[in-house]
Every structure is written in C-alpha cells, then in structure tokens.
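In case you want the letters, here they are:
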Amino acid sequence: MIELVRVRKHYAGAPALEDVSFHVRAGELALITGPSGAGKTTLLRLLYLAERADDGTVSIAGREVTRLRASSLPYLRRNVGVVFQDFKLLRGRSALDNVRVPLEILGLPRVQVEARARLALARVGLADRAGVACARLSGGEQQRVALARALVARPAILLADEPTGNLDVETAQGILDLLATANAAGTTVVVATHDPAVIAWGARRGARRVQLVRGRVQGTGAVVQLTTINGERE
Amino acid sequence: MRAAPLLPVVAVAAVALGIVLVGTVHVAARNLHDVLANWGQGVQLTVYFQPEASVGRAAAVAEALRRVPGIEHVRYITAAEAMERLKSGLGPSSPLLDGVDDDFLPPSLEVSFARGHDDVATLAAVAERVGRMPGVDQVETSGDWVKRLAAAADLARAAAWVAFALVGTACLYLAFATIRLAVFARREEIEILKLVGATDRYVRAPFWIEGLLEGLLGGGLGALSLYLLFRAAAPRVEALLGGLLGGIHLGFPPGAHIAAGVAVAALTGLLGAHLAVRRHLHV
C-alpha cells in the first residue's frame, strides 16, 4: 500500500530524511516513531503529498507519486485521510461543516453529504456537538472532528500526526480506540508519534514500526521486535 | 475579506467610476463623430452676395456652380430665410432681433459637394473661382473646419482608448488587490481544502465568482450612472451647442456598447481574481 525506497529530503541543505526505505501493507497499522526533529512529520508530509522527495521513490497504492503532476495530487489525496498535529480545522465553522468538506469536494449530493457527515461525527461521539464552531470545542473534541473528517470519505489510508499530543490520558485512549476501529475496518493506518503510550498501544495491536533518528531509519519491523533490538522500555 | 470589508466596495466603486470615465469620453467621441458626419453631408461652401446684387445675378452664379464637377446641390437662401434661421438658432434669445429688417442678412448660395470631391483643395479652388464672380461679396468654406474637427474627433476616440486602457488596468489592479486580500484572509482555509483533496478549480471558483460579481456590479452601476449623467447633461449641452452649430441631438451609445462595457468590467474582475488566487494554490 505504501512503499518508500531510498528517500531523501533536505531543507536548505539540512537533511530532514536520508536514505529512508520501508513499506506498509494494505490494512496494516504502522507507527513512525522517534524523538522530536527525527523527521516523522516530514515523512508524513511526503505521504500526503505536501512535499516532494528530493531523491528516491514514494509509492502509494501501487502508484509512484514522486513525479506526479500537480493536477493529479487532489485525486490521490482523496484516498489519504490525514489527522494533522494542529488539526487544521476551519475554526470559525461548525464541526459538521468541517466534516462535510471532503464529501463536498467529491461532489456528492447534498443529502448524502449531510447524512454521512453526521454519521462520521456520531462515530467519534460528537453527534450532539455538530453545530458548534470548532474554535469553541476542546482539544480532544477538535481531534475527534479532525478524525471524523479524515475518515468520512472512506480513504484507503489514514495518516495521523501525533494524534494524542496534548490530550489527557482518557481522551487519548478514545482517539486510539477510533484509530483501531478504522484499522479493523480495513483502513491502512500510519501514526507518527513519540508518545510511549501510543507505542505500547501499537505493540498490543501488532503494529509495524519505523524508528527514525535524525532522519534515518534505525529499524523496521514489529514494535515488540524493535523493542527487543533497541532495548527500549515501552 | 473580513479584515477589510470596505475594499470590495472600493473596488466596485472604482469599476463604476472607470465605466463612467471611459463612457463619457466614448459618448463625447461618438457624438462629435455624428455631428461631423452630418456636417460632412451638409453645406461645405457658402456664397454671400453683395446687397445690390440681383436675384438674376445669384441665379447665374448658381447655374455656373451646378456645372462644376463634384458639386451635388446648390440652394439659394433669401435674406428673409437667412433671418428666420438666425432667429431659430438664437431660440429664446431671438427677441434680440426684434426691429431688425428681414433683409438685414445678405442672400446666399449653399453648396454641397459629392463624397470624394469635398477635400480642402477642391473647395478652396472653387471658392477662389466663385469669389471672383460679379456680385459675390464673400465665400466661406466649412471643409477645413470639418477636417480639423474630424481630427479632433479622431483624437477624442484615441483618448477614449487610452482612457479605456488606463482605467481598465487600474480596475484590474483593484480587483486583483481586493481578491488577493480575500485570498490572504482565507489562505489557511485554502490550504486545508487543498490538503483534503480539493482541485485548484474548486478552490478558485468562489474567488472567480466574487471577482466576476464585483466587476458586474461595478459595470452595472457605472452604466447606470453614465446614463443618468447623460440624461442630466445632454439637454444643457444640446442647448449650449445648438446656438453655435445649429440644431444637434446628442445620442447615448446603443445597448450593445453598454452591454459590452459591463461585460468587460465583469471579465476584468474575473481576471483579477484569477491572478490573485493563483499564487496561493501551491500546497
């Protein structure tokens, strides 16, 4: 489903990613882990096509996207739901409006848009907050709106950048449960995190792990296996 | 947009003002052209006779003129008829002529040339020949004035095009600036839309519509203002010029011209919006 081969990305000459290779199979749960500045967000940006690799290849759903024409990007992005670290919600608009957006972009009939958006909000436990402006929602609620928006168009891939950052333990667990549900439904889920609780959650679910350190992959494989190799405590 | 709510109003007003400015020059150029066209088809040479010249003398001169190649019409104007015309031209001021004898003005011949024979050289040659005929007091040609005014009309038309270009560019820039501010205020929204799969066209559409509506509204308001201005000013200009040039009637440009002006204004708004939003689409 996702494959990176010898990917390199530099910013103003400084390496953000160097010689990064790994793959994630369809329906798999994968964790991109590493400390702050390791290149996790850059890696996700390559996957949702906000950045282009300087070198190497990135393939998504069997399609090499490194040299994809700009006009083709939107159609590929529609297959990749993203939960951004800063949510990227339209703060002045309601939760329902935000979840409607991907469906409106697809050009679905208004009735269908409304029904599917409300259902997506209900699935993340926000049915009763549909009409509230995002700016007035709590951090956990905004995170759930972002998740509902990422999933409402039923993408094949879901990317989540630090999905539990700044959330309390209970709210974070709720978000992880929603990610697990999406993964169980067949969605390929890739989570970038440095949160030990999330890594432990991934270990329990047999997630693949890609460990990044200073832009380089230190190891890939199951979370438990890597834990053993690196001697980390999770 | 919310950051400067007055800017769209300014843009609409600027487009409206632009239409009024360009329209005014266009109306002036067009009417000047019409006046000249009428003049060109009218009298180009007038022969005034000495007071003691007989009607028979005038008839002989008229007959001689009719034999000149290129002369289309020769009409004898009696002294009484000339006085009647003067009174008519003076309009409300005609009582100034009360007590003046009907034969105060000299009789004359009005001569019209066929198209292609009304150049200044031909008129001057005929005027010189006629001026030497017995009984003729003075010969006036209008051809050289027509030519000069025609040149002025051409200049006015060129000025209309220059005004069109300058005002059009200014309106384009204002539409661009307005939409650019709107785009800037909504840049995060644009980024989000792009990241969740919106095409450039999807993002651009609302801004295109905004620019189009600004141009359309400005163009419509400008056309309406131009019409009202014309309605208010035309009778005064007609009265003012009527005394000098004889009866003239100023015309408003046809609906197709106005529609074209409004369409250009709308397209200017659309183009401004297109240029403004382009730079924020690279997400």
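Everything discussed here concerns the structure shown above.
Residues numbered from 1 in each chain as written. Chains lettered and ligands numbered in written order. Predicted model: local features only at pLDDT ≥ 70, side-chain atom pairs only at ≥ 80, totals over all residues. Heavy atoms only, no water.

Novice: How would you explain the packing of helix 3 (residues 95–106) of chain A against helix 5 (residues 139–152) of chain A if you had to name every residue and give the values?
Specialist: Residue and element names in this part refer to chain A. The N-to-C vectors of helix 3 and helix 5 enclose an angle of 20°; their axes lie 8 Å apart at closest approach. Regarding the angle of helix 3 to helix 5, the classification is roughly parallel. Handedness of the helix 3/helix 5 crossing: right-handed. Listed contacts from helix 5 to Ala-95, Asn-98, Val-99, Pro-102 and Leu-103 of helix 3 are Val-145, Ala-148, Arg-149 and Val-152. Looking at side-chain class alone, the contact of helix 3 with helix 5 contains 7 nonpolar, 1 polar and 1 charged residues. (Axes fitted to C-alpha atoms, helices over the stretch in contact; angles between N-to-C directions. Helix = DSSP H or I, 4+ residues; strand = E, 2+ residues; numbered from the N terminus. Parallel < 35°, antiparallel > 145°, perpendicular 65-115°, else oblique. Left-handed = near helix turned anticlockwise from the far one by under 90°. Contact = heavy atoms within 4.5 Å. Nonpolar A, V, L, I, M, F, W, Y, C, P; charged D, E, K, R; others polar.)

Novice: Please give an account of the pattern of salt bridges that cites residues and values.
Specialist: Scanning the model with the defined rule gives 20 salt bridges over all chains in all. Across the pair A:Glu28 and A:Arg208 runs a salt bridge whose closest N-O atoms are separated by 3.0 Å. Placement of A:Glu28 in the loop between strand 2 (14–24) and strand 3 (29–33) and of A:Arg208 in strand 9 (residues 208–213) is noted, with a sequence separation of 180 residues between them. The two residues A:Glu28 and A:Arg208 agree in class, both being buried. Of the charged contacts, one joins B:Arg75 and B:Glu81 as a salt bridge, the two residues approaching to 2.8 Å between their closest N and O atoms. Residue B:Arg75 is classed as partly exposed on the basis of its relative accessible area, which comes to 42%. By relative accessible area, B:Glu81 is classed as partly exposed at 26%. (Salt bridge = Lys/Arg side-chain N within 4 Å of Asp/Glu carboxyl O. Buried < 20%, exposed > 50% of the residue type's maximum accessible area, 1.4 Å probe, protein only.)

Novice: How would you explain helix 1 (residues 40–47) of chain A if you had to name every residue and give the values?
Specialist: Helical geometry: 3.6 residues make up each α-helical turn, so side chains three or four residues apart lie on a common side. When you tally the buried positions in helix 1 of chain A, you get 6 out of 8 residues, the bulk of the element. Following helix 1 of chain A by one or two positions, A:Leu49 has its phi on the positive side, about 65°.

Novice: Quick rundown of helix 6 (residues 169–184) of chain A? Include the residues and the values.
Specialist: Residues and elements named next belong to chain A. The end-to-end C-alpha separation of helix 6 is 22 Å, in line with the 22 Å expected for 16 residues at 1.5 Å each. The set of residues buried in helix 6 consists of Ala-172, Ile-175, Leu-176, Leu-178, Leu-179, Ala-180, Ala-182 and Asn-183. Buried positions along helix 6 lie against strand 3, helix 4 (110–123), helix 5, strand 7 (157–161), strand 8 (188–193) and helix 7 (196–204). At the N-terminal end of helix 6, a side-chain oxygen is found 3.1 Å from the backbone nitrogen of Glu-170, two or three residues along, and the residue is Asp-168. Where helix 6 ends, the next residue or the one after it, Gly-186, has phi of about 110°, a positive value. (Expected span 1.5 Å × (residues − 1). Polar contact = N/O pair within 3.5 Å; in protein donor to acceptor, adjacent residues only side chain to side chain.)

Novice: So, the packing of helix 4 of chain A against helix 5 of chain A: which residues are in play, and what are the values?
Specialist: Residue and element names in this part refer to chain A. Contact geometry of helix 4 with helix 5 gives a least axis separation of 9 Å together with a crossing angle of 135°. Between helix 4 and helix 5, the angle falls in the class oblique. In this structure, helix 4 meets helix 5 at a crossing whose hand is right-handed. Residues Arg-116, Ala-117, Ala-120 and Leu-121 of helix 4 pack against Val-145, Ala-148 and Val-152 of helix 5. A breakdown of the residues in the contact of helix 4 with helix 5 according to their chemical character gives 6 nonpolar, no polar and 1 charged.

Any functional reading would require information that these geometric values do not contain.
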